[in-house]
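Analysis of the macromolecular model
What follows is the residue order along each chain.
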Number of protein chains: 6
Amino acid sequence: MRPSGRAPDQMRPIAIETAFTIHAEGSVLVSFGNTKVLVTASVDEKVPPFLRGKGQGWVTAEYGMLPRATHTRGSREAAKGKQSGRTQEIQRLIGRSLRAVVDMKKLGERQIVIDCDVIQADGGTRTASISGAWVALRIAVDKLLEAKTIAEDPIVDKVGAISCGIYNGTPVLDLDYDEDSVAEADGNFVLTGRGQIVEVQASAEGATYDEEGLLRLLRLARIGCTEIFAAQDKATGR
Amino acid sequence: MRPSGRAPDQMRPIAIETAFTIHAEGSVLVSFGNTKVLVTASVDEKVPPFLRGKGQGWVTAEYGMLPRATHTRGSREAAKGKQSGRTQEIQRLIGRSLRAVVDMKKLGERQIVIDCDVIQADGGTRTASISGAWVALRIAVDKLLEAKTIAEDPIVDKVGAISCGIYNGTPVLDLDYDEDSVAEADGNFVLTGRGQIVEVQASAEGATYDEEGLLRLLRLARIGCTEIFAAQDKATGR
Amino acid sequence: MRPSGRAPDQMRPIAIETAFTIHAEGSVLVSFGNTKVLVTASVDEKVPPFLRGKGQGWVTAEYGMLPRATHTRGSREAAKGKQSGRTQEIQRLIGRSLRAVVDMKKLGERQIVIDCDVIQADGGTRTASISGAWVALRIAVDKLLEAKTIAEDPIVDKVGAISCGIYNGTPVLDLDYDEDSVAEADGNFVLTGRGQIVEVQASAEGATYDEEGLLRLLRLARIGCTEIFAAQDKATGR
Amino acid sequence: MRPSGRAPDQMRPIAIETAFTIHAEGSVLVSFGNTKVLVTASVDEKVPPFLRGKGQGWVTAEYGMLPRATHTRGSREAAKGKQSGRTQEIQRLIGRSLRAVVDMKKLGERQIVIDCDVIQADGGTRTASISGAWVALRIAVDKLLEAKTIAEDPIVDKVGAISCGIYNGTPVLDLDYDEDSVAEADGNFVLTGRGQIVEVQASAEGATYDEEGLLRLLRLARIGCTEIFAAQDKATGR
Amino acid sequence: MRPSGRAPDQMRPIAIETAFTIHAEGSVLVSFGNTKVLVTASVDEKVPPFLRGKGQGWVTAEYGMLPRATHTRGSREAAKGKQSGRTQEIQRLIGRSLRAVVDMKKLGERQIVIDCDVIQADGGTRTASISGAWVALRIAVDKLLEAKTIAEDPIVDKVGAISCGIYNGTPVLDLDYDEDSVAEADGNFVLTGRGQIVEVQASAEGATYDEEGLLRLLRLARIGCTEIFAAQDKATGR
Amino acid sequence: MRPSGRAPDQMRPIAIETAFTIHAEGSVLVSFGNTKVLVTASVDEKVPPFLRGKGQGWVTAEYGMLPRATHTRGSREAAKGKQSGRTQEIQRLIGRSLRAVVDMKKLGERQIVIDCDVIQADGGTRTASISGAWVALRIAVDKLLEAKTIAEDPIVDKVGAISCGIYNGTPVLDLDYDEDSVAEADGNFVLTGRGQIVEVQASAEGATYDEEGLLRLLRLARIGCTEIFAAQDKATGR
């Protein structure tokens, strides 16, 4: 029995509210149950130094958690003077996940910077970030297409992400904090709209798992991503 | 004529939404027009080292702005590895403003940490932060009183803050970004519910001003704070 | 009765010694009683990046306090690896105050960097810094005029600064450390030679104050600045 | 055809030289072909603050790469003043991998710190680090057992790691730098001696992959780990 | 011929002004010609962690240079966020030099922190710092003896320092900036009142030198230190 | 009697193994007894900003110590976020020592970066670094000469370095850790192949020493360097 009473393959309610803030080219508030992340996509008409003059674009991401997004207050990274290893790991994952579905030549020499700021955390902040980030990116790119700044759509597929894990011996989908903190194994799966794998990160915590365990987690992830892709379609009106 | 069409002494609409997030002891989303700040109050049962064993509490604040809260993306302070001088100036002001209305003996040996994170900026983020922070603090302290963790109310008055400035030669109340960026003078006023001054910070920008100018700004600030105190009362149900 | 035996509107003796060091274009040792600040003005024939090619100059300031300028040794900011919020707040104030009386077009594309280093502290270090910095700036600009590097005087007025506060219920002028550390309210006033206000920063400490209190502090500040302007005239031989 | 002429499921030669340095409780130089990592295990009779008094131990890891371990010189992290996101990601993975096979209660209140310093890099530095680190840990723990500092062996299994990827459309084992830099997909697999999965990190680079692709990589990893476990046995004389 | 017209073995005028600032237990302004350093000695009734409970004291030093102490403005180390290698090298030398003449047992469990801040630089700032620091230390220790805080004098000898170098092929004493910047070799010599060597640091710059060269520099240093010890005696009234 | 049983003027065995790693233009593992340093020389076809366009080259050095190179584990400088004063002092010394024997005009506008990483420490790591660095530099420059990238040999002499000290009242050569930690005086001597002095750094530790002491240390250093130069010749096959 899951603490939330959900079935093993049951997601939390997903909501993707667009235009949550006014300045960014793309802006969404994405919620997976009590996990809420504000994601913005900012178009920058410059690429990073290593890409200058190469005729291609770039997508990158930054991630942060507000100090009191969590049960107990965490210290502010800006005040501590550095981003934690966890923060850097997550923002690198978000960037890689989005780049996997973008054709950088078609984007042209410009960069889209994704900012994911967790306003409230209840497990799965990195996967909610990726799932929401795709929508923010989609909206920002649509504006570039409408303005004819770019000629062809550089986004080649959707991308969604979800965590699965083994809780009390049972594989479960979309772990919340209560589950995540005691799960025996825990994986983050990033999948494309066509069902391809972009990234799998699955760790044993305490207990190890076998190949069958990995496949069961992956199958749950597919179920979850189907729901995420539907929510993305609804948010972008497609 | 103000860009927004407001009268010189007209505030933007104020909204203070409580319980915006679930984990913090006090949590509000405060809006002054398009300026939106998420404020949380976190109770920490420890005081900073310089107060240990002195039988009194402390209230402090941290401030941040999400990278894309503004028209163009600003760099993330956590990634740059330090808080700007502006950020530190603002968070020191918020802390001082709240401490002016709290009896630290009655609070007991505990600290309340206020986090003000600007989600969307359109001028006046520091004054919106102070005005919202008082509500978050009030809610957090009410929980301590209800739980009988503290016996007597340590909050001795309300505190609100507003910016006023000279725009096109006219003193105006509650500057938005369009006004703020070209104002000849610009002041932040922190007042108590009883009309006392907690802090005045008024700077000339380009032009200087005289004593009469300062007084006219202060009078506008009183008008604005009356409205802020009403919004605070409404938010806390008093 | 003030600890120093001064009358409420009595300043400490002011001294502004020019040419205190030999390398800087402008160099003064400014004393307000036991508060002593070494101020240098350095002319840099380059402007900061945000002003390049705009045909105008810039004036900026940095502030520091020697570790044993104070009663007990403070830690060295260079060794700690960062400037405190207080330091940044002060150096931003000094820069703004000087810029208020400089015509940046007439200065041309060059920067003047003011360094204020407190050698001995007894209250009022930021206001002494501003008052002395104007003299260092004046001397550096005079050299540029003499060398015909610039054609017209970019300095449009004098600027001086003084702190006032409420001590034992009485408004007093030019607080020293003994007063500052227990004052009920404390303000820094930056005024021009023509009597205009450049900046007011007045905070309640413990007790709040009213409009009349603010005006009484401002009036004391005018008295003090008259004396400061005389000392500036004497130092620059005008 | 692989650049090295190896068969798709062929590892590079593995060497694990023990007692490479004299001071550490465990010290090995591990080589996978031209990738060479110096790994030391240091016993510290103190646990980190979050574990004090809990009657259990801890295993953690730090990772570094000498500036000229690579084809072109990389900048020194100590000189830059921070560890990169990649470095932090890797050292967190090494620590988690080892902790998965250690019974922290049996280790007692002490910490073992693993240092992995890459002397020469040719792909697979993180997996070579993990595979070598287990040997260094094993040697250090054996000394604690011999000295009867701890009563029961806290190491419950071996752990090894290897990278696999899709190169020119073919899944290949143990990627070297020439393959790694152009692989379509790239995964790091951490397995226990009993064949359980500790961690899977598989990313698409350019192209995505499907479930069958993931399983083929995992099967290659099992082949590689068999060889690693044999090399570990040989190094520890078991 | 030296640029200053001095004879090869001629020092610049030395001045050691005591009680230059009021708060520190010892405070001197030391000048070697145009090189001026403000040195303070601060008594701290705590020793650093590595000495706690060992019944002995410590003497340490910090060094800084005001940004415009030099011909062209240098950047402020506090603003850059770190002390340069040169700064650290110098402050370590000052600390070692003073500790060589202090009996730490007799000092008791307290620390004396020496701050050397260069107000004006014209070569030889580190040796002026050491020579002046001894006087500041002597004054601070005398106060401890007068107050009977310590029973026996922990200072066992004087210490002085001077630079010598080979300029245009000739060994010269007490290099100023014009000489220092083009000297073929350059050495700093720290000697005790009894003529013992505390530290020699002699570097070739461009040309190398031989044993005879080293001895000639050392002999010049002895001449210089005799003068320094006399100035120290005069300053301390002995 | 020395702890190692060596005669006062007896060096530890020296070994300089070339081509220790494959990527660097020059790479050696240098050992003085149990002190082992990996030194690489990297050719960079760019000079630092202060030399651009001046038609000359540069040689610089960085130094690091692996955390467990020592008896007890030291913290990793990259993780602490800064290099210690000791590290900076050493890398500056290594750079100066090598530059003393290189004709920068003949090197042309390129930089050679020397990395010295201590793999195992037993005293004398800075002098072993310099002695080994010369070999790595020689090998890298030979490659530039062979490739006709540079026309004339810029290396004008050999350079070697050794520590000497006073141990139990006796001057001894090539101190190991057991001696170094209790020596009364301790010096590092950098000499050229022709016997000229590049640098002398001799400090008293506890006791001071006289001119005769300094000369006796220097004479021992000459004996040691003769042996070092022979080892350098053997390593480079000259």
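Residues numbered from 1 in each chain as written. Chains lettered and ligands numbered in written order. Predicted model: local features only at pLDDT ≥ 70, side-chain atom pairs only at ≥ 80, totals over all residues. Heavy atoms only, no water.

Looking at an unreviewed UniProt entry, one finds chain A named Ribonuclease PH and attributed to Sphingopyxis bauzanensis. The Sequence similarities (unreviewed entry) comment attached to chain A in UniProt states, word for word, "Belongs to the RNase PH family." (UniProt positions renumbered as here; feature names shortened; annotations may be inferred.)

1. So, the UniProt feature "domain: Exoribonuclease phosphorolytic" (unreviewed entry) in chain A
What UniProt calls "domain: Exoribonuclease phosphorolytic" (unreviewed entry) maps, in this numbering, to residues 10-140 and 159-222 of chain A. In this annotation, residues 10-140 of chain A is assigned 30% helix and 31% strand; the end-to-end C-alpha distance for the span is 31 Å. (Helix = DSSP H or I, 4+ residues; strand = E, 2+ residues; numbered from the N terminus.)

2. Some remarks on the interface of chain A and chain B
Contact with chain A, which involves 36 residues of that partner, is made by 36 residues of chain B. With both sides pooled, the region where chain A packs onto chain B buries about 2,800 Å², and carbon together with sulfur makes up 54% of that total. It is A:H23, A:R68 and A:R76 that lose the most area in chain A upon contact with chain B, and together they represent 27% of the buried surface on that side. Counting across the chain A and chain B interface gives 12 salt bridges. The residue A:D117 makes a salt bridge to B:R76 at a minimum N-O spacing of 2.9 Å. Among the secondary structure elements, those contributing two or more residues to the side of chain A that touches chain B are β3 (35-44), β4 (58-65), α1 (77-80) and β5 (111-120) of chain A. The element best represented in the side of chain A that touches chain B is β5(A), accounting for 6 residues. Residues that form the side of chain A that touches chain B fall into these classes: 16 nonpolar, 11 polar and 9 charged. (Contact = heavy atoms within 4.5 Å. Buried area = accessible area lost by both parts, 1.4 Å probe. Salt bridge = Lys/Arg side-chain N within 4 Å of Asp/Glu carboxyl O. Nonpolar A, V, L, I, M, F, W, Y, C, P; charged D, E, K, R; others polar.)

3. Things to note about the pairing of strand β6 (residues 159-167) of chain A
All names here are of chain A. Judged by how many residues are buried, β6 sits mostly within the fold: 9 of 9 residues are covered. Side-chain alternation along β6 places V159, A161, S163, G165 and Y167 on one buried face and G160, I162, C164 and I166 on a second face that is also buried. Direction of pairing for β6 relative to strand β8 (residues 185-192): antiparallel, over a ladder of 8 bridges. Of the residues in β8, the one forming a bridge with A161 is V190. Pairing of β6 with strand β7 (residues 170-173), which is carried by 4 bridges, proceeds in the antiparallel orientation. Within β7, the position partnered with I166 by the bridge is P171. Linkage of β6 to β7, two consecutive antiparallel strands, is achieved through a turn of 2 residues, within which N168 is found at a positive phi near 50 degrees. (Buried < 20%, exposed > 50% of the residue type's maximum accessible area, 1.4 Å probe, protein only. Pairing = 2+ DSSP bridges.)

4. Quick word on the relation of the copies chain A and chain B
For the match of chain A to chain B, the screw axis carries a shift of 0.0 Å, the RMSD comes to 0.0 Å, and the turn is 180 degrees. Look at the turn and shift together and you get a two-fold axis relating the two. Most of the interface of chain A is mirrored in chain B, where 100% of its interface residues are also at the interface. (Least-squares fit on C-alpha atoms with pLDDT ≥ 70 in both.)

5. Concerning helix α2 (residues 85-99) of chain D
For α2(D), with 15 residues, the first-to-last C-alpha span of 21 Å sits near the 21 Å given by 1.5 Å per residue. Among all positions in α2(D), only D:G85, D:T87, D:Q88, D:E89, D:I90, D:Q91, D:L93, D:I94, D:G95, D:R96, D:S97 and D:L98 are buried. (Expected span 1.5 Å × (residues − 1).)

6. Remarks on the environment of B:E45
All names here are of chain B. Here E45 lies in the loop between β3 (35-44) and β4 (58-65). Setting aside anything within four residues of it in sequence, one finds E45 in contact with E109, R110, L144 and T149. Of note is the side chain of E45, whose polar atom sits 3.0 Å from the side chain of R110. (Polar contact = N/O pair within 3.5 Å; in protein donor to acceptor, adjacent residues only side chain to side chain.)

7. Some details on the packing of aromatic side chains
Applying the stated criterion to the full structure yields 6 aromatic pairs over all chains. Aromatic pair D:F50 and D:W58: ring centres 5.3 Å apart, planes at 85 degrees, arrangement edge-to-face. (Phe/Tyr/Trp six-rings, centres within 6.5 Å; stacked < 30°, edge-to-face > 60°.)

8. A closer look at the UniProt feature "binding site: phosphate" (unreviewed entry) in chain A
All names here are of chain A. Mapped onto the present numbering, the UniProt feature "binding site: phosphate" (unreviewed entry) falls at R86, G124, T125 and R126. Maximum C-alpha separation among the annotated residues is 13.3 Å over a sequence range of 41 residues, consistent with a single clustered spot. Locating G124 in the fold gives a position in the loop between β5 and α4 (125-146). Note on G124: relative accessible area 17%, which makes it buried. Among residues more than four places away in sequence, those in contact with G124 are T35 and L175. Topologically, R126 is positioned in helix α4. Judged by relative accessible area, which is 16%, R126 ranks as buried. Once residues within four sequence positions are removed from consideration, R126 is found in contact with R86, E89, I90, L93, N188 and Q201.

9. Regarding the arrangement of the chains
Nothing in chain C touches chain D, and the closest approach of their C-alpha atoms is 11 Å. What separates chain A from chain E at the closest point of their C-alpha atoms is a distance of 11 Å, and the two make no contact.

10. Quick notes on the packing of helix α4 (residues 125-146) of chain B against helix α6 (residues 211-236) of chain B
Residues and elements named next belong to chain B. In the contact formed by α4 and α6, the axes pass within 10 Å of each other and the chain directions differ by 30 degrees. The pairing of α4 with α6 is recorded here as roughly parallel in orientation. Both α4 and α6 take part in a crossing whose hand is right-handed. The segment α4 lies against α6, with S131, W134, V135 and R138 engaging I228, Q232, A235 and T236. Looking at side-chain class alone, the contact of α4 with α6 contains 4 nonpolar, 3 polar and 1 charged residues. (Axes fitted to C-alpha atoms, helices over the stretch in contact; angles between N-to-C directions. Parallel < 35°, antiparallel > 145°, perpendicular 65-115°, else oblique. Left-handed = near helix turned anticlockwise from the far one by under 90°.)

11. Some details on the sheet that holds strand β3 (residues 35-44) of chain C
All names here are of chain C. The 5 strands are arranged β1-β2-β3-β5-β4 in an open sheet whose pairing can be described as mixed. At either end of the open sheet lies a strand with only one pairing partner, and these are β1 (14-18) and β4 (58-65). Sheet twist, expressed as the mean angle between neighbouring strand axes with direction ignored, is 20 degrees. Across 8 bridges, β4 lies against strand β5 (residues 111-120) in parallel orientation. Looking across to β5, one finds that T60 is bridged to V113. Helix α2 (residues 85-99) rests against β4 and β5 of the sheet, and its axis sits at about 145 degrees to β4.

12. Quick word on the side chain of D:D122
All names here are of chain D. Relative to the elements of secondary structure, D122 occurs in the loop between β5 (111-120) and α4 (125-146). Assessed through its relative accessible area of 15%, D122 is described here as buried. Not counting residues up to four positions away in its chain, the partners in contact with D122 are R12, N34, T35, L175, D176 and Y177.

13. With respect to unusual backbone geometry
Trans is the prevailing form of peptide bonds, just as negative phi is the prevailing case for residues other than glycine. Despite not being glycine, C:D174 shows a phi value in the positive range, around 60 degrees. As for its placement among the helices and strands, C:D174 is situated in the loop between β7 (170-173) and α5 (177-180). Its relative accessible area of 1% is what places C:D174 among the buried residues. The backbone of D:K148 shows a phi angle near 55 degrees, a positive value even though the residue is not glycine. We classify D:K148 as exposed; its relative accessible area is 72%.

14. Notes on the environment of C:A230
Residue and element names in this part refer to chain C. As for its position among the elements, A230 is in helix α6 (residues 211-236). A230 sits in the partly exposed class, given a relative accessible area of 45%. In sequence terms A230 and N168 are 62 residues apart; their C-alpha atoms lie 30 Å from each other.

15. What about the pattern of salt bridges?
Counted by the stated rule, this structure contains 138 salt bridges over all chains. Between D:D115 and F:R73 there is a salt bridge, and its shortest N-O distance comes to 2.5 Å. Of this pair, D:D115 sits in strand β5 while F:R73 is found in the loop between β4 (58-65) and α1 (77-80), placing the two residues in two different chains. Look at F:R73 and you get partly exposed, because its relative accessible area is 27%. Salt-bridge contacts for D:D233 lead to D:K158; the nearest nitrogen and oxygen are separated by 2.9 Å.

16. Quick notes on the sheet that holds β6(A)
The antiparallel open sheet is built from 8 strands, whose spatial order is β7(A)-β6(A)-β8(A)-β9(A)-β9(D)-β8(D)-β6(D)-β7(D). Taken across any chain shown, the strands that pair with only one partner, and hence form the sheet edges, are β7 of chain A together with β7 (170-173) of chain D. Averaged over all pairs of adjacent strands, the angle between their axes in this sheet comes to 15 degrees, without regard to strand direction. Each of β6, β7, β8 and β9 (197-204) of chain A together with β9 (197-204) of chain D touches helix α6 (residues 211-236) of chain A; the most contacted strand, β6(A), lies at about 140 degrees to it. With respect to the sheet, α4(D) is in contact with β6 (159-167), β8 (185-192) and β9 of chain D, its orientation differing from that of β6(D) by roughly 160 degrees.

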